[in-house]
Amino acid sequence: ENAAADLVTKFNICLKADGWELFRKHDAPDGRLWGARIIGSPIDAAGDPRWENVNRHIQEMRFILRTAVAEGDYHNIVLISLDTFDSLAEAAFDADHNPTINGKPLNEMDAETKIKSLLEKELKGETNKETLAYARAGLKLAVSLQKTSIFDHRTAAVCVEATASLVNIVSILSNK
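Fair warning: this is a prediction, and the values are worked out from it, not measured in the lab.

Moving on: the overall build of the chain. Within the chain, the regular secondary structure consists of six helices and four strands. Ordered by position from the N terminus, the helices and strands of the chain form the series α-β-β-α-α-β-β-α-α-α. Counting over 176 residues, the chain shows a buried share of 39%. A fraction of 52% describes how many contacts in the chain between residues 6 or more apart in sequence connect residues 24 or more apart. Split by element, the accessible area of the chain, about 10300 Å² in all, is 53% carbon and sulfur.

Rendered as structure tokens:
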């Protein structure tokens, strides 16, 4: 048991440079079950390629932000944020179980509308009022930054954080 924990610590030192970590998911009858995630991410994407794709987008945006040297690098972050929304909407909705939202087929909706609908469905009621307001504001901020023509470090950094924050909220609501 301690040997495994020591090995995980050594692996995490190597994985940290790429923004990943191993974490203890839970204890199983035959030992501990470990998973991998982006450092600081609450998303448990193991085994679900849609959520793994969302995680990759966030990791890629953070990496580009750390290594950016030109306006084009910052523009790429905005483009990846757009792709992240598409991947997030795909991951959060199961077309087999939720083929429509308010009677409209999912395939006729853009990612922003799907995400907004999910937030409003999952965060109903007075007790979720502040969480819904925060999530809506994050969505609005990320969308506005995705439409910007300003490609600098500050704008890109805010875009990354707004996108990651929204992803984290949706992943929590989706039990990921």
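On we go.
Turning our attention to a negative patch on the surface. Together, Glu60, Asp83, Asp86, Glu90 and Asp110 make up a region of like negative charge exposed at the surface. By residue number, the principal contributor to the negative patch is helix H3 (residues 71-92), which donates three residues. When you line up the elements, Glu60 lands in helix H2 (residues 49-67).

At a minimum axis distance of 9 Å, the contact between H3 and helix H5 (residues 129-146) shows a crossing angle of 135°. Between H3 and H5, the crossing angle belongs to the class labelled oblique. Judged by the twist between their axes, the crossing of H3 over H5 is left-handed. Residue-level contacts link Val78, Ser81, Leu82 and Phe85 of H3 to Leu139, Ala142, Val143, Leu145 and Gln146 of H5. When the residues that make up the contact of H3 with H5 are grouped by side-chain class, the tally is seven nonpolar, two polar and no charged.

Glancing now at the packing of H2 against helix H6 (residues 153-173). Two elements in contact, H2 and H6, have axes separated by 10 Å at closest approach and are oriented at 160°. Compared by their axis directions, H2 and H6 come out roughly antiparallel. Viewed along their axes, H2 and H6 form a crossing whose handedness is left-handed. Listed contacts from H6 to Trp51, Val54, Ile58, Met61, Arg62 and Leu65 of H2 are His153, Ala156, Ala157, Val160, Glu161, Thr163, Ala164, Val167, Val170 and Ser171. Residues belonging to the contact of H2 with H6 are distributed by class as follows: eleven nonpolar, three polar and two charged.

This paragraph deals with H2. End to end, H2 covers 26 Å across 19 residues, agreeing with the expected 27 Å (1.5 Å per residue, within 8%). Every buried residue of H2 is listed here: Trp51, Val54, Asn55, His57, Ile58, Gln59, Met61, Ile64 and Leu65.

The residue Gln146 is located in helix H5 in this model. Judged by relative accessible area, Gln146 falls into the buried class, the value being 11%. There is a polar contact of 2.8 Å between the side chain of Gln146 and the side chain of Ser81. Setting aside residues up to four positions removed in sequence, Gln146 forms contacts with Val78, Ser81, Leu82 and Phe85.

A few words on the pattern of salt bridges. On inspection of all chains with the given rule, the structure shows four salt bridges. A salt bridge links Glu112 to Lys116; its shortest N-O distance comes to 4.0 Å. Pair noted here: Glu112 and Lys116 are both in helix H4 (residues 111-122), with a separation of four residues, about one helical turn. The class of Lys116 is partly exposed, set by a relative accessible area of 37%. Taking the shortest distance from any N to any O, the salt bridge between Arg136 and Glu120 comes out at 3.5 Å. With Arg136 in helix H5 and Glu120 in helix H4, this pair connects stretches of sequence that are 16 residues apart.

Cut-offs used in this document
Along each chain, residues carry numbers from 1 onward, in the same order as the chain's sequence is written. Only residues with pLDDT of 70 or above have their local features reported here, since the model is predicted, and side-chain atom pairs are shown and tallied only from 80 upward, although totals for entire chains, interfaces and linings are computed over all residues. Side-chain figures throughout are based on the complete set of non-hydrogen atoms in the structure, without hydrogens or water. A run of DSSP states H or I qualifies as a helix once it reaches four residues; a run of E qualifies as a strand once it reaches two. Both are numbered from the N-terminal end. Per-residue accessibility, obtained with a 1.4 Å probe over protein chains only, is compared with the maximum for each type, and a residue is labelled buried under 20%, exposed over 50%, and partly exposed between these values. By definition in these notes, contact holds between two residues if any of their heavy atoms fall within 4.5 Å. Note that accessible areas follow from Shrake-Rupley with a 1.4 Å probe, and for residues the cover is restricted to the protein chains shown. Each patch is built from salt-bridge-free residues with over 30% relative accessible area, joining like charges within 9 Å and nonpolar side chains (Val, Leu, Ile, Met, Phe, Trp, Tyr) within 5 Å. Take a side-chain nitrogen of Lys or Arg and a carboxyl oxygen of Asp or Glu: if they are within 4 Å of each other, that pair is a salt bridge. None of His or the chain ends enter the tally, which takes Lys and Arg as positive and Asp and Glu as negative. Taken as the charge centre is NZ of Lys, CZ of Arg, CG of Asp or CD of Glu, depending on the residue. Geometry is summarised by axes, namely lines fitted to C-alpha atoms with helices restricted to the contacting stretch, and by angles between N-to-C directions that run from 0 to 180 degrees. If an angle is under 35 degrees, it is roughly parallel; if it is over 145, roughly antiparallel; if it lies from 65 to 115, roughly perpendicular; otherwise it is oblique. When the near helix sits turned anticlockwise from the far one by under a right angle, the crossing is termed left-handed; a clockwise turn instead gives a right-handed crossing. Only Asp, Glu, Lys and Arg are considered charged in this grouping, and only Ala, Val, Leu, Ile, Met, Phe, Trp, Tyr, Cys and Pro are considered nonpolar; every other residue, Gly among them, is considered polar. Given a helix with a known number of residues, its expected span is that number minus one, times 1.5 Å. Pairs of N or O atoms within 3.5 Å make up the polar contacts considered here, provided that, within protein, one atom can donate a hydrogen while the other can accept it, and that residues adjacent in sequence are counted only when both atoms are side-chain atoms.

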